[in-house]
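Architecture and fold: a report
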Amino acid sequence: MAWYSKQKKVTKKAEAPAAPQPPEAAKGEGMWNKCDGCGEVVYKADWEANWNVCPKCGHHDMMPVRRRFEMLLDPGSFQELDTELTPQDPLGFVDAKKYRDRLKSTFKNTGMRDAFVSGVGAIGGKQVSIGSFAFEFMGGSMGSVVGEKVARVIDRAFERRIPCIVFSSTGGARMQEGIFSLMQMAKTSAALNRFRGVRKPYISVMLHPTTGGVAASFAWLGDVVIAEPKALIGFAGPRVIEQTIREKLPPGFQRSEFLLEHGMIDAIVPRLEMRDKLAQLLGLLG
Ligand SMILES: [Zn+2]
């Protein structure tokens, strides 16, 4: 019998009884969420009601950018701006895939045009120009659009004579935009320099992680620099530094607690206290 005429044997597998799914298997989907900090399994609705902070150990998980605004701003006060800005591909960059295609699929997956959301809103009745990175968009990397949006948040605060708040959560520069990405460091720093003239506060909040060109420019130039607990903050990552200096780094290196102890940031504020702390700072400085 020729090989191509062989009938494929169909064997029916014995049907296994449906085993109840252990909550561990449901991480990231369904009704349960497994904490990366303590490994406990928490009911997802409780997790979200607690703004993605583990109710058992206090681990701060990532939070989508729009939830952050919902948590911080007075209800209905947020007006999103700069939504017309869309990233371009000035270098025709190709790595594992074309930058153009990477952007298209990220637009589709996130429903966002780039890794930063900006606008104006109010905290405790006080008007602020505010922006936040969206880590879910290409690791929160800063290309030309992100840099332009950050500069606009600062410029708007300058024009309206109101305080400015930026939340950073980013891996740093967007390598697909090469030098255009690096230029954003100078652009945003120059905008901050101009903003100094109005004598209103610029509050920088560093989330996990804040590294690279963002940490090396506007994120660390705040009049007040705040971090969430245990956030990784630095220029180069710990692995790169360890390989370069060939020395073991101290425990907790580049985490918020280490940086506070060494005078690199002003305060660590847990997420659930962030809104009150910002309102207090705006009352004192704004
Ligand atoms: Zn936990």
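Relevant structure appears above.
Since this is a predicted model, take the numbers as computed values, not measurements.

Some details on helix H5 (residues 178-195)
- Taking 1.5 Å as the rise per residue, H5 with 18 residues should run 26 Å; its terminal C-alpha atoms sit 27 Å apart, in good agreement.
- Residues Ser 181, Gln 184, Thr 188, Ala 191, Leu 192 and Phe 195 constitute the buried set of H5.
- Close packing links the buried residues of H5 with helix H4 (144-160), strand S6 (164-170) and strand S7 (202-210).

Digging into the coordination of the zinc ion
- At 2.3 Å from the zinc ion lie its protein donor atoms, namely Cys 35 (SG), Cys 38 (SG), Cys 54 (SG) and Cys 57 (SG).
- Around the zinc ion, the four donor atoms are arranged such that angles at the metal cover 106 to 115°; this shape is classified as tetrahedral.
- Sequence spacing among the residues donating to the zinc ion works out to C-x2-C-x15-C-x2-C. Within this pair, whereas Cys 38 is found in the loop between strand S1 (32-34) and strand S2 (41-43), its partner Cys 54 is found in the loop between helix H1 (44-49) and helix H2 (65-72), the two being separated by 16 residues in sequence.
- Relative accessible area serves as the criterion here: at 35%, Cys 38 is assigned to the partly exposed category.
- A relative accessible area of 2% places Cys 54 in the buried class.

What about the packing of aromatic side chains?
- Across all of its chains, the model carries six aromatic pairs by this definition.
- For the ring pair Phe 116 and Phe 133, a centre distance of 5.1 Å and an interplane angle of 85° mean the geometry is edge-to-face. One end of the pair, Phe 116, is in strand S4 (residues 116-123); the other, Phe 133, is in strand S5 (residues 126-133), with 17 residues separating them in the sequence.
- Overall, the relative accessible area of 3% leaves Phe 133 in the buried class.
- Among the aromatic residues, those joined into a cluster by ring pairs are Phe 116, Phe 133 and Phe 218.
- In this arrangement the basic side chain of Arg 113 is found over the ring face of Phe 107, its NZ or CZ atom lying 4.0 Å from the centre.
- When the ring centre of Phe 158 is taken as origin, the NZ or CZ atom of Arg 161, which lies over that ring, is 5.5 Å away.

Brief notes about a nonpolar patch on the surface
- Together, Leu 91, Ile 179, Phe 180, Leu 182 and Met 183 line one region of the surface with nonpolar side chains, adding up to about 460 Å² of accessible area.
- Relative to the assigned elements, Leu 182 resides in helix H5.
- Look at Leu 182 and you get partly exposed, because its relative accessible area is 46%.

Here's the deal with the pattern of salt bridges
- Scanning all chains against the criterion turns up 18 salt bridges.
- Arg 102 is the partner of Asp 95 in a salt bridge, and the nearest nitrogen-oxygen pair spans 2.4 Å.
- The closest approach of N and O atoms between Arg 174 and Asp 114, which form a salt bridge, is 2.6 Å. Of this pair, Arg 174 sits in the loop between S6 and H5 while Asp 114 sits in the loop between helix H3 (99-110) and S4, and the two are 60 residues apart along the sequence. Accessibility classification places Arg 174 together with Asp 114 in one group, the buried group.
- Here the salt bridges share partners, and the residues they tie into one network are Asp 82, Glu 84, Glu 148, Arg 152, Arg 156 and Lys 187.

Some words on the pairing of S6
- For S6, the buried fraction is high: seven of the seven residues fall into the buried class.
- By the alternation rule, side chains of S6 split into Cys 164, Val 166, Ser 168 and Thr 170 and Ile 165, Phe 167 and Ser 169, which are all buried.
- Pairing between S5 and S6: four bridges, direction parallel. The residue of S6 that forms the bridge with Ile 130 is Ile 165.
- Assessed by its sense of winding, the connection that carries the chain from S5 through H4 to S6 is right-handed.

Rules of the game
Residues numbered from 1 in each chain as written. Predicted model: local features only at pLDDT ≥ 70, side-chain atom pairs only at ≥ 80, totals over all residues. Heavy atoms only, no water. Helix = DSSP H or I, 4+ residues; strand = E, 2+ residues; numbered from the N terminus. Expected span 1.5 Å × (residues − 1). Buried < 20%, exposed > 50% of the residue type's maximum accessible area, 1.4 Å probe, protein only. Contact = heavy atoms within 4.5 Å. Donors = N, O, S within 2.8 Å, 3.2 Å for Na, K, Ca; no water. Tetrahedral: all angles 85-135°; square planar, octahedral: opposite > 155°, others 65-115°. Phe/Tyr/Trp six-rings, centres within 6.5 Å; stacked < 30°, edge-to-face > 60°. Lys NZ or Arg CZ within 6 Å of the ring centre and 35° of its normal. Patch = residues over 30% accessible without salt bridge, like charges linked within 9 Å, V, L, I, M, F, W, Y side chains within 5 Å. Areas by Shrake-Rupley, 256 points an atom, 1.4 Å probe, with all protein chains shown as cover. Salt bridge = Lys/Arg side-chain N within 4 Å of Asp/Glu carboxyl O. Pairing = 2+ DSSP bridges. Right-handed = clockwise from strand over helix to strand, strands pointing away.

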